[in-house]
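Examining the three-dimensional arrangement
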Amino acid sequence: MSPRHLLSVLDLSREEMEQVLLDAETFEAIGDREIKKVPALRGRVVVNLFYENSTRTRVSFELAAKRLSADVVNVAVATSSVAKGESLKDTARTLLAMGADAVVLRHPSPGASAMLARWVQASVINAGDGQHEHPTQACLDLYTLHRHFSRLDGLRVGIVGDVAHSRVARSEALALTLMGASPVFVAPPTLLPLGVAVFGCEVSYSLDEVLPTLDAVHMLRLQRERHAGAALLPSEREFVRLYGLDSRRLELMPAHAVVLHAGPMNRGVEITGEVADSGRALIGQQVKAGIGVRAALLYRLLGAQEDAA
Ligand code: CP
């Protein structure tokens, strides 16, 4: 049987996403037991192969795989043979020869996980490929919103800031649309992706105008490391003045509206510490959701298939 992959949010239908969110609840609840483990993936091997830094995604994939009793290997790329020039293809084939059933890949190049999926007989999960997509982050954000609102259909969600360089923004817009919600990109023109119209979502340059209309706002990290020296903003101070979420702007939102941030945060840039630490922010819930949601996705790719056979 061909391995199943998760390379993009578009790999999931609405029904499949609903099932992932349901399964995630089950796997999250296991974390509240004394023994936080089930044998669903016993004997399976999951490799975390991260060419870019990560805290949340890497650790939660490790915990998720362990929760399902899989064996987990974390490859420290900086101290692996990648540092001697070994290619992604050869690295992955080496790991496969040692019995990996799934490779969780984070890579700076858009499309890297799709290429890997063509080269190896193992499930590939995109844990972030350049500026392209971060589908598992979008799944856990949907889960967090669903837990809070008990629905996704009809929610209006602002995705604010450095949209152009954000794989989270792309996956989130696709995922929200899939589930019947309405994403709104809010950014200065220089921080919107070329061809933004393909996402089919509303676009605004004014955060103050959009905030009163939202159920949730997802603040994006200003990704200076991907700006490659380009002068995309008059100054960071100007960006903060127009697009930073502070307590004054929080008051512009409806009382029921909540704040998301995928992390890591630049406190004092896209979001103030006061807002991030306020009761309106679901940032801790997003992190917690990562384990259950990633367990549900691993189970879907590696376990559910076996059960169905
Ligand atoms: N949200 C997210 O991808 O965080 P990490 O870079 O810490 O994995």
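The numbering scheme is per chain: residues are counted from 1 as the chain's sequence reads. Thresholds applied to this predicted model are a pLDDT of at least 70 for local features of residues and 80 or more for the giving and counting of side-chain atom pairs; totals over whole chains, interfaces and linings are not thresholded and use all residues. For side-chain calculations, the full set of non-hydrogen atoms in the structure is used, while hydrogens and water are omitted.

**Considering the overall build of the protein chain**
Looking only at helices and strands, the protein chain has 11 helices and 9 strands in total. Here the protein chain has a C-alpha radius of gyration of 19 Å; the compact-globule value for 309 residues is 19 Å, and the two agree. For the protein chain, the C-alpha atoms occupy an extent of roughly 55 × 45 × 35 Å along the three principal directions. Relative to its full complement of 309 residues, the protein chain shows a buried share of 56%. Intrachain contacts of the protein chain at a sequence separation of at least 6 include 75% that bridge at least 24 residues. Under the convention used here, a 1.4 Å probe and the Shrake-Rupley method define accessible areas, while residue burial counts only the protein chains that appear. Accessible surface computed for the protein chain: about 13300 Å², of which carbon and sulfur atoms make up 53%. Going along the chain from the N terminus, every DSSP run of H or I of four or more residues is numbered as a helix, and every run of E of two or more is numbered as a strand. Radius of gyration here is computed from C-alpha atoms only, and the compact-globule reference equals 2.2 Å multiplied by the residue count raised to the power 0.38. Accessible area is worked out with a 1.4 Å probe on protein chains only. A residue is then buried under 20% of its type maximum, exposed over 50%, and partly exposed in between. Contacts were defined at the residue level, with two residues in contact if any of their heavy atoms lie within 4.5 Å.

**Observations concerning the pairing of strand 3 (residues 102–107)**
Strand residues, when the strand is regular, have side chains that alternate between the two faces of the sheet. In terms of residue burial, strand 3 counts as a mostly covered element, since 6 of its 6 residues are buried. The two faces of strand 3 match: Ala102, Val104 and Arg106 on one face and Val103, Leu105 and His107 on the other face are all buried. In this scheme, strands are said to pair when DSSP sees at least two bridges between them. Sheet topology places strand 1 (residues 45–50) next to strand 3; 5 bridges connect them, and they run parallel. Residue Leu49 lies in a different strand from strand 3, and its bridge partner there is Leu105. Two strands pair when backbone bridges link them, and strand 3 and strand 4 (residues 123–129) are joined in this way by 5 bridges, in the parallel orientation. Opposite Val103, over in strand 4, you have Val124 as the bridge partner. The β-α-β motif built from strand 3, the intervening helix 4 (residues 112–119) and the parallel element strand 4 has right-handed crossover chirality. The handedness of a crossover follows from its direction of travel: if, with the strands pointing away from the viewer, the path from the first strand over the helix to the second runs clockwise, the crossover is right-handed.

**Considering the site of the ligand**
Close to the ligand lie Ser54, Thr55, Arg56, Thr57, Arg106, His134, Gln137, Ala262 and Gly263, which account for all nearby residues. Between the ligand and Ser54, the relevant distance is 2.6 Å, taken from an oxygen atom to a side-chain nitrogen or oxygen of the residue. Between the ligand and Gln137, the relevant distance is 3.0 Å, taken from a nitrogen atom to a side-chain nitrogen or oxygen of the residue. Protein contact buries 92% of the 260 Å² of open area that the ligand shows by itself. Residues belonging to the shell around the ligand are distributed by class as follows: 1 nonpolar, 6 polar and 2 charged. Near residues are defined by distance, with any heavy atom within 4 Å of the molecule or strand qualifying the residue. Two N or O atoms form a polar contact when they lie within 3.5 Å of each other; inside protein one atom must be a possible hydrogen donor and the other a possible acceptor, and for residues adjacent in sequence the pair counts only when both atoms belong to side chains. Under the grouping applied here, Gly and all other residues not named as nonpolar or charged are polar, the nonpolar ones being Ala, Val, Leu, Ile, Met, Phe, Trp, Tyr, Cys and Pro and the charged ones Asp, Glu, Lys and Arg.

**Re unusual backbone geometry**
Between Gly263 and the following residue, Pro264, the backbone shows a cis peptide bond with an omega angle of -5°. With respect to the helices, strands and loops of the structure, Pro264 is situated in the loop between strand 9 (258–261) and helix 10 (273–276). The backbone phi angle of Ser69 is positive, close to 70°, even though this residue is not glycine. Take Ser69: it is sitting in the loop between helix 2 (56–67) and strand 2 (71–76). For Ser150, which is not glycine, the phi dihedral falls at a positive 60°.

**Here's the deal with the side chain of Thr91**
Along the chain, the position of Thr91 falls in helix 3 (residues 88–97). Sequence-distant contacts of Thr91, that is, excluding residues within four places in its chain, are made with Leu49, Tyr51, Val82 and Glu86.

**Notes on the packing of helix 3 against helix 4**
The convention used is that axes are lines fitted to C-alpha atoms, helices contributing only their stretch in contact, and that angles between N-to-C directions extend from 0 to 180 degrees. For the pair helix 3 and helix 4, interaxial distance at closest approach is 10 Å and the crossing angle is 50°. Accordingly, the angle class assigned to the pair helix 3 and helix 4 is oblique. In this structure, helix 3 crosses over helix 4, and the sense of that crossing is right-handed. Two secondary-structure elements touch here, helix 3 through Leu88, Lys89, Ala92 and Arg93 and helix 4 through Ala112, Leu116 and Trp119. For the contact of helix 3 with helix 4, the class distribution of residues is 5 nonpolar, no polar and 2 charged. To sort the angles, those under 35 degrees are grouped as roughly parallel, those over 145 as roughly antiparallel, those from 65 to 115 as roughly perpendicular, and the leftovers as oblique. Crossings are classed by handedness, with left-handed meaning an anticlockwise turn of the near helix from the far one by less than a right angle and right-handed meaning a clockwise turn.

**A short note on the sheet that holds strand 5 (residues 156–160)**
Strand order in this open sheet of 5 strands is 7-6-5-8-9, and the pairing throughout is parallel. In the strand order of this sheet, the two ends are held by strand 7 (202–204) and strand 9, each with one partner. With strand direction ignored, the average angle separating the axes of adjacent strands in the sheet is 25°. The pairing of strand 8 (residues 216–219) with strand 9 spans 4 bridges and is parallel. By the bridge assignment for strand 9, His218 is matched with Leu260.

**Some words on the nonpolar core**
One finds Leu145, Phe185, Val217 and Leu298 to be the most contacted residues of the largest nonpolar core, which totals 88 residues. Once residues lying within four places of it in the same chain are set aside, the contact partners of Leu298 are Leu41, Val46, Phe61, Ala64, Ala65, Leu68, Ile125 and Gly303. Here the nonpolar core consists of buried residues drawn from Ala, Val, Leu, Ile, Met, Phe, Trp, Tyr and Cys, with membership extended through side-chain atoms lying within 4.5 Å. Counting 21 residues, the second-largest nonpolar core is a separate cluster that includes Tyr51, Val77, Val82 and Val124.

**Thoughts on the pattern of salt bridges**
A pairing counts as a salt bridge when a side-chain nitrogen of Lys or Arg comes within 4 Å of a carboxyl oxygen of Asp or Glu. Per the stated rule, a full pass over the model turns up 16 salt bridges. In this structure, Arg58 engages Glu62 in a salt bridge whose closest nitrogen and oxygen atoms are separated by 2.9 Å. With Arg58 and Glu62 both in helix 2 and 4 residues apart, this pair spans about one turn of that helix. A relative accessible area of 16% places Glu62 in the buried class. Look at the salt bridges and you will find they share partners, linking Arg14, Glu18 and Asp153 into a network.

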